[in-house]
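So you can see what is in the structure, the chains are spelled out below.
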Amino acid sequence: LEHMYVDLNLVIEFKMNLSVLKKWLRAVQANYRNNPFHNFRHSFCVAQMMYGMVHTCNLQEKFSRQDLGILLTACVCHDLDHPGFNNTYQINARTELAVRYNDISPLENHHCAVCFEILSDPETNI
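Scope of this entry: the structure provided in the associated data block. Everything quoted here is computed from the prediction, not taken from an experiment.

A few words now on the overall build of the protein. The secondary structure content of the protein amounts to eight helices and zero strands. What you see in the protein, going N to C, is helices and strands ordered as α-α-α-α-α-α-α-α. In terms of overall dimensions, the protein has a C-alpha envelope of 45 × 35 × 25 Å along the principal axes. Relative to its full complement of 126 residues, the protein shows a buried share of 39%. Summarising the internal contacts of the protein: among those between residues at least 6 apart in sequence, 64% fall at separations of at least 24. About 7600 Å² of surface is accessible on the protein, with carbon and sulfur atoms providing 55% of the total. Within the protein, one finds 10 positive and 13 negative side-chain charges whose respective centroids are separated by 4 Å.

Written out as C-alpha cells, the structure is:
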C-alpha cells in the first residue's frame, strides 16, 4: 500500500512523511476486524484493484492528484471496523451503530467516522 502512495506521487504532492504514512497504514490495519470477508486483506484487494485501474485506464491524466489520493484512501478505509453483519441486520437488530446513525447507512457512517478518528491523530494524519 505504501508503494501505491509513492508511485502515484501522493507522498510528494501532499508532503506526506513516510513514517506517518506507515503509522497510518498500521493504524488502519489495526482497525480492521478479523472477520471472514470485510478484513484488511479485502481492503488491500480493493485498493490494489483501484491502483490497477488507475494505471490501466491512465487515470493519472484524467484525475487530479487530490482525486487519486481520495480514491486510494477511500479504498483502503472503506470497511474499517466492519462488524461482519450488513446494514439490514444492524437496523433490524437495533444495534448501537444503527441507533447512533439513526438507521441511515450505519456501516458506511461508521467506517467514515473510524477513518476520520485515525486521521485526527497527528501521528497518523497523512
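Structurally, asparagine 39 is set in the loop between helix H3 (18-30) and helix H4 (40-56). In terms of polar contacts, asparagine 39 uses its side chain to reach the backbone carbonyl oxygen of asparagine 35, at 2.9 Å. If sequence neighbours within four positions are ignored, asparagine 39 has contacts with Tyr32 and Arg33.

Rules of the game
- Residues numbered from 1 in each chain as written.
- Predicted model: local features only at pLDDT ≥ 70, side-chain atom pairs only at ≥ 80, totals over all residues.
- Heavy atoms only, no water.
- Helix = DSSP H or I, 4+ residues; strand = E, 2+ residues; numbered from the N terminus.
- Buried < 20%, exposed > 50% of the residue type's maximum accessible area, 1.4 Å probe, protein only.
- Contact = heavy atoms within 4.5 Å.
- Areas by Shrake-Rupley, 256 points an atom, 1.4 Å probe, with all protein chains shown as cover.
- Lys, Arg positive; Asp, Glu negative; His and termini not counted.
- Charge placed at Lys NZ, Arg CZ, Asp CG, Glu CD.
- Polar contact = N/O pair within 3.5 Å; in protein donor to acceptor, adjacent residues only side chain to side chain.

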